[in-house]
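Working through the structure, step by step
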Amino acid sequence: MQSFNPPVRTLMGPGPSDVHPRILSAMARPTIGHLDPAFVGMMDEVKAMLKYAFQTENEMTMPVSAPGSAGMETCFANLVEPGDKVVVCINGVFGMRMKENVERAGGICVEVNDDWGKAVSAEKVDETLAANPDAKILAFVHAETSTGACSDAKTLCEIARKHDCLSIVDAVTSLGGVELRVDEWGIDAIYSGTQKCLSCTPGLSPVSFSEKALDKVRNRKTKVQSWFLDLNLVMGYWGQGTKRAYHHTAPINALYALHESLLMLQEEGLENAWARHKAMHDKLKVGLEEMGIGFVVDESVRLPQLNSVWIPEGVDDAAVRSELLNTYNLEIGAGLGDFAGKVWRIGLMGFSAKEENVLFCVSALKKVLNK
């Protein structure tokens, strides 16, 4: 056994994205205690910067000490009680995972299904909620990572409020990459990940809860099924100021990285980051279309940071990705679920969303396909 030294890759798959050197450097700083006053002060700054990233004033805004899937489970474990009816929108893999969470929490899932590569249909959601007046929650994926489709979160949350439902939103791929306004759009519970458009390392899951959502958590008839994810307990540690109750040992150096990542997002400006992702998508689009490679998702609902494209007829999916990885140290993603073997997923997220990466990806892909 020897020390592990990973190869230097260019990460242009569905995540993780390339991590900025400033963020990697932040992780190498000295580890201090998770109740150290200096660390507690940094936690408050992380919360404040996450509020900016989410565009919210929700006090319950924090990173869960685990990857994005744990952020998803935090939302469902806290908000869904046995017997609760939840309308779940499924237009890809991650809507299916929402359904799984509802059922594991003892909830009753009502599905709204749309074709993969399409946005969630607001009309179908409205009709389904009208037909299920006892539904308590609407859950949907804002940016479906398995397809690259972006749904209209603002409209869907308006529909949820009209039917007196809470909303749970998956923003794992959207946070920092496309417009997202938690307070203005009336989102009740939202979760994301650090390894996509925030350009941080995997392992943390930013979440935010409205007061309306927290009222449901506080007034549950049953205990939250997960001790670790119970917001009533976690907030004792992530509350404001220096008087914090021990809950768990936070991933200290990972939080240094998130702090640096959020600081960089503030320095760039949120709307500038959204614009950068869009500009890089436009450049990638030109290069791919010149090779005759088409996009899965219609341009009107296409995510700029997650590009699903059709694999040209007769091309060996795995062989191309293997050649890109082994010859060019370039990673692009395979299709999931219904799209396995049919599409590639090319990520332009965070530090990876830059012109040199676009040019490199297009050039390498062209060479491999010609070969």
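Refer to the structure printed above.
In this text the structure is predicted, and so the values were computed from the model without any measurement. (Residues numbered from 1 in each chain as written. Predicted model: local features only at pLDDT ≥ 70, side-chain atom pairs only at ≥ 80, totals over all residues. Heavy atoms only, no water.)

Comments concerning the packing of helix α3 (residues 68-79) against helix α4 (residues 93-104)
Quick reminder of the rule: All axes are obtained by fitting lines to C-alpha atoms, using only the stretch in contact for helices, and the reported angles, taken between N-to-C directions, cover 0 to 180 degrees. Going along the chain from the N terminus, every DSSP run of H or I of four or more residues is numbered as a helix, and every run of E of two or more is numbered as a strand. Geometric relationships in this document are graded by angle, where less than 35 degrees denotes roughly parallel, more than 145 denotes roughly antiparallel, 65 to 115 denotes roughly perpendicular, and other angles denote oblique. Note on convention: near helix rotated counterclockwise from far helix by under a right angle means a left-handed crossing. Clockwise means right-handed. When checking whether two residues touch, look at their non-hydrogen atoms; a contact exists if any pair is within 4.5 Å. All residues other than Ala, Val, Leu, Ile, Met, Phe, Trp, Tyr, Cys, Pro, Asp, Glu, Lys and Arg, Gly among them, are scored as polar; the first ten of these are nonpolar and the last four charged.
In contact at an axis separation of 10 Å, α3 and α4 are set at 45° when each is read in the N-to-C sense. In terms of orientation, α3 and α4 fall into the oblique class. With respect to the hand of their crossing, α3 and α4 are arranged in right-handed fashion. Residue-level contacts link Ser69, Met72, Glu73 and Phe76 of α3 to Arg97, Met98, Asn101 and Val102 of α4. Here the contact of α3 with α4 is composed, by residue class, of four nonpolar, two polar and two charged.

Focus on the pairing of strand β11 (residues 306-310)
For a regular strand, side chains alternate in direction, first toward one face of the sheet and then toward the other. Put simply, the rule reads: Three exposure classes are used, based on accessible area relative to the maximum for each residue type with a 1.4 Å probe and protein chains only: buried under 20%, partly exposed in between, and exposed over 50%. Any two strands with at least two DSSP-identified bridges between them are counted as paired.
Most of β11 sits inside the fold, with four of its five residues counted as buried. Pairing of β11 with strand β14 (residues 343-347) involves five bridges; the strand directions are antiparallel. Looking at the pairing, Ser308 lines up with Arg345 of β14.

Concerning the nonpolar core
The condition that has to hold: What is meant by a nonpolar core is a set of buried Ala, Val, Leu, Ile, Met, Phe, Trp, Tyr and Cys residues, joined one to another through side-chain atoms within 4.5 Å.
Judged by nonpolar contacts, the single largest core of 94 residues is most densely connected at Phe39, Phe76, Leu79, Val125, Ile168, Tyr191 and Phe209. Considering every element that reaches this core, the biggest residue donor is helix α10 (residues 252-268), with nine residues. In this view, Phe209 contacts Asn58, Met60, Thr74, Cys75, Leu79, Asp188, Ala189, Leu214 and Leu231; residues no more than four positions away in its chain are not counted. With 22 residues, the next largest nonpolar core counts Met12, Ile311, Val320 and Leu365 among its residues.

A few points about unusual backbone geometry
Following Gly15, the chain continues to Pro16 via a peptide bond in cis, the omega torsion being 5°. For Pro16, the position within the fold is in the loop between β1 (10-11) and α1 (21-27). Even without a glycine there, the phi angle at Ser199 is positive, about 60°. Topologically, Ser199 is positioned in the loop between β9 (189-191) and β10 (205-209).

Remarks on the sheet that holds β14
Ordered in space as β11-β14-β13, the three strands form an open sheet in which the pairing is antiparallel. One side of each edge strand has no neighbouring strand; the edge strands of this open sheet are β11 and β13 (333-334). Sheet topology places β13 next to β14; two bridges connect them, and they run antiparallel. Within β14, the residue paired with Gly333 across the bridge is Arg345.

Here we look at the packing of aromatic side chains
We count it as follows: Ring geometry is summarised as follows: Phe, Tyr and Trp rings, the Trp one being its six-membered ring, pair when their centres sit within 6.5 Å, and such pairs are stacked at plane angles under 30 degrees, edge-to-face over 60 and tilted between the two.
For the structure shown, the criterion picks out three aromatic pairs. The interplanar angle of 65° and the centroid separation of 6.4 Å between the aromatic rings of Phe39 and Tyr256 together place this pair among those described as edge-to-face. Of this pair, Phe39 sits in helix α2 (residues 37-54) while Tyr256 sits in helix α10, and the two are 217 residues apart along the sequence. Across the pair, Tyr256 and Phe39 agree in class, each one buried. A centroid spacing of 5.7 Å and a plane angle of 80° characterise the contact between Trp116 and Phe339, whose relative ring orientation is edge-to-face. Of this pair, Trp116 sits in the loop between β4 (108-113) and α5 (122-131) while Phe339 sits in the loop between β13 and β14; the two residues are 223 residues apart in sequence, bridging distant segments of the chain. Note on Phe339: relative accessible area 7%, which makes it buried.

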